[in-house]
Amino acid sequence: LFDGVYPFYSQQRKVTVFDVSSIIVIVVFLAFTCSFLLIIPGIRGRARLYWTLRVLLSLLVGAVIIAVQFTGDWETGWVTANTSYKSFSHALVNADIGLHVGLAGVNITLRGNPVNQVNETIDYNEHFDWSFDADYDHSYSEGLERGLPSPILYVAEKFTTQSPCNVHRQYRISGHYASATLWVAFCTWLISNMLFSMPVLVYGGYMLLVTGAFIIFSLLSFSTVRNSPMCLIQFGTATLHVGYGGSFWLTLATGLLCFVAGITVVALHHFNLDLLKTFFDLREDKAEECQEMTEVYVNTHFVNKGL
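All figures in this text were calculated on a predicted structure; none of them were measured in a lab.

Reading guide: rules and limits
Residues numbered from 1 in each chain as written. Predicted model: local features only at pLDDT ≥ 70, side-chain atom pairs only at ≥ 80, totals over all residues. Heavy atoms only, no water. Helix = DSSP H or I, 4+ residues; strand = E, 2+ residues; numbered from the N terminus. Buried < 20%, exposed > 50% of the residue type's maximum accessible area, 1.4 Å probe, protein only. Contact = heavy atoms within 4.5 Å. Areas by Shrake-Rupley, 256 points an atom, 1.4 Å probe, with all protein chains shown as cover. Phe/Tyr/Trp six-rings, centres within 6.5 Å; stacked < 30°, edge-to-face > 60°. Salt bridge = Lys/Arg side-chain N within 4 Å of Asp/Glu carboxyl O. Patch = residues over 30% accessible without salt bridge, like charges linked within 9 Å, V, L, I, M, F, W, Y side chains within 5 Å. Pairing = 2+ DSSP bridges. Disulfide = S-S within 2.5 Å.

**Let's talk about the overall build of the protein chain**
At step 1: A tally of helices and strands in the protein chain yields ten helices and seven strands.
At step 2: Taking all 307 residues of the protein chain together, the buried fraction comes to 42%.
At step 3: Restricting to contacts in the protein chain with at least 6 residues of sequence separation, those with at least 24 account for 67%.
At step 4: Entry remark: accessible area of the protein chain is about 17,600 Å², with carbon and sulfur atoms responsible for 63%.

In structure tokens:
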């Protein structure tokens, strides 16, 4: 104890929505985008617009598939409540408590209103990992040893393996399979780009449909957590409710985009192949291959012999 106050030990904090891994993914794809924008002035005519649309949409899909693996807002919830701040203390604080669920763990946020209350700065953001190579209960025990505020420990306890809520296993397995299907979607996205560059346009469209299907499968996998009834997370008269967050809806939009793009490519292949080749800048090359000879040289010797 220090002057009768429980010590709060330093810890490695993690940002609620974006962490270092997400930032690295975004920077890498932005580097690819900037590199393409540097060479796009060398493409002539209307093909420049077509190339820009194809490349930017493809990079957007790839960036989303990888980035949402590391974000922490697949499910989110906030509540403002008057709650106890420490164990064995009757002092109440007014704070915003946030819950942010990702594929690999959960973030719990505690922010005071105002931040400075009871002679302390109330601004916490703690991450508890439940991936297969992590021990959630151990992380929770470390939080107890560090003396984390009571609201954070109360919310974190709901996801432990010993909790009566019994949601830990469901969230862990659902997040694991959602992540796995997203990695498969990333592989099919790479294959679709290879097929478009070969070019085998219709098969590239089929692989886009497969990419969209695996993205939707990841959402369905994560949605299975709704099959387990969630315990009430209540602070006095206020209840913390969670709903699908930004990463979930962004992933859904990306999957639908893949479906729309794939269906468009397949439909154009069967009903308007010339327009599809024009969009992929292939019609001019085809025309050059099939171009008729403008001059013909005739050997008069064979003509005179009737050959």
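**Focus: the packing of aromatic side chains**
At step 1: The final tally for this structure, using the stated rule, is 20 aromatic pairs.
At step 2: Note on Tyr50 and Phe279: the rings are 5.2 Å apart at their centroids and 50 degrees apart in plane angle, and the pair reads as tilted. On the criterion of sequence distance, the pair formed by Tyr50 in helix H2 (residues 47–67) and Phe279 in helix H8 (residues 273–279) is long-range, its members being 229 residues apart.
At step 3: Residue classification places Tyr50 among the buried residues on the basis of a relative accessible area of 16%.

**What to know about the pattern of salt bridges**
At step 1: For the structure on display, the rule yields three salt bridges.
At step 2: In this structure, Glu120 and Lys86 form a salt bridge, with 2.6 Å as the shortest nitrogen-oxygen distance. Of this pair, Glu120 sits in strand E4 (residues 120–129) while Lys86 sits in the loop between strand E1 (75–84) and strand E2 (92–101), and the two are 34 residues apart along the sequence.
At step 3: When its relative accessible area of 17% is taken as the criterion, Glu120 is described as buried.
At step 4: The residue Arg111 makes a salt bridge to Asp123 at a minimum N-O spacing of 4.0 Å. A residue pair is termed long-range when its members are at least 10 positions apart, and Arg111 in strand E3 (residues 105–117) and Asp123 in strand E4 qualify at twelve residues.

**Description of the environment of Gly77**
At step 1: Looking at the element boundaries, Gly77 is found in strand E1.
At step 2: When the C-alpha positions of Gly77 and Leu240 are compared, they lie 6.3 Å apart, and in sequence the two are 163 residues distant.

**With respect to a nonpolar patch on the surface**
At step 1: On the surface, Val20, Ile24, Val28 and Phe32 cluster together into a nonpolar patch covering about 390 Å² of accessible area.
At step 2: Here Phe32 is to be found in helix H1 (residues 20–39).

**Quick notes on the sheet that holds E3**
At step 1: Judged by pairing direction, the sheet is antiparallel, and its five strands sit side by side in the order E4-E3-E2-E1-E7 without closing on themselves. Looking along the sheet, the strands with just one partner apiece sit at the ends: E4 and strand E7 (243–244).
At step 2: Judged from the two bridges that link them, E1 and E7 form a sheet pairing that is antiparallel. If you follow Glu75 over to E7, its bridge partner there is Tyr244.

**Describing the state of the cysteines**
At step 1: Enumeration according to the criterion identifies one disulfide in this entry.
At step 2: The partner cysteine of Cys165 in its disulfide is Cys231, sulfur to sulfur 2.1 Å. Handedness here is read from the sign of the S-S torsion; for Cys165 and Cys231, about -135 degrees, the answer is left-handed. Separated by 66 residues along the polypeptide, Cys165 in the loop between helix H4 (150–157) and helix H5 (168–197) and Cys231 in the loop between helix H6 (201–223) and strand E5 (233–235) bring together distant segments of the chain.
At step 3: Residue Cys165 is classed as buried on the basis of its relative accessible area, which comes to 8%.
At step 4: A residue is classified by how much of its surface remains accessible, and Cys231, at 26% relative accessible area, is partly exposed.

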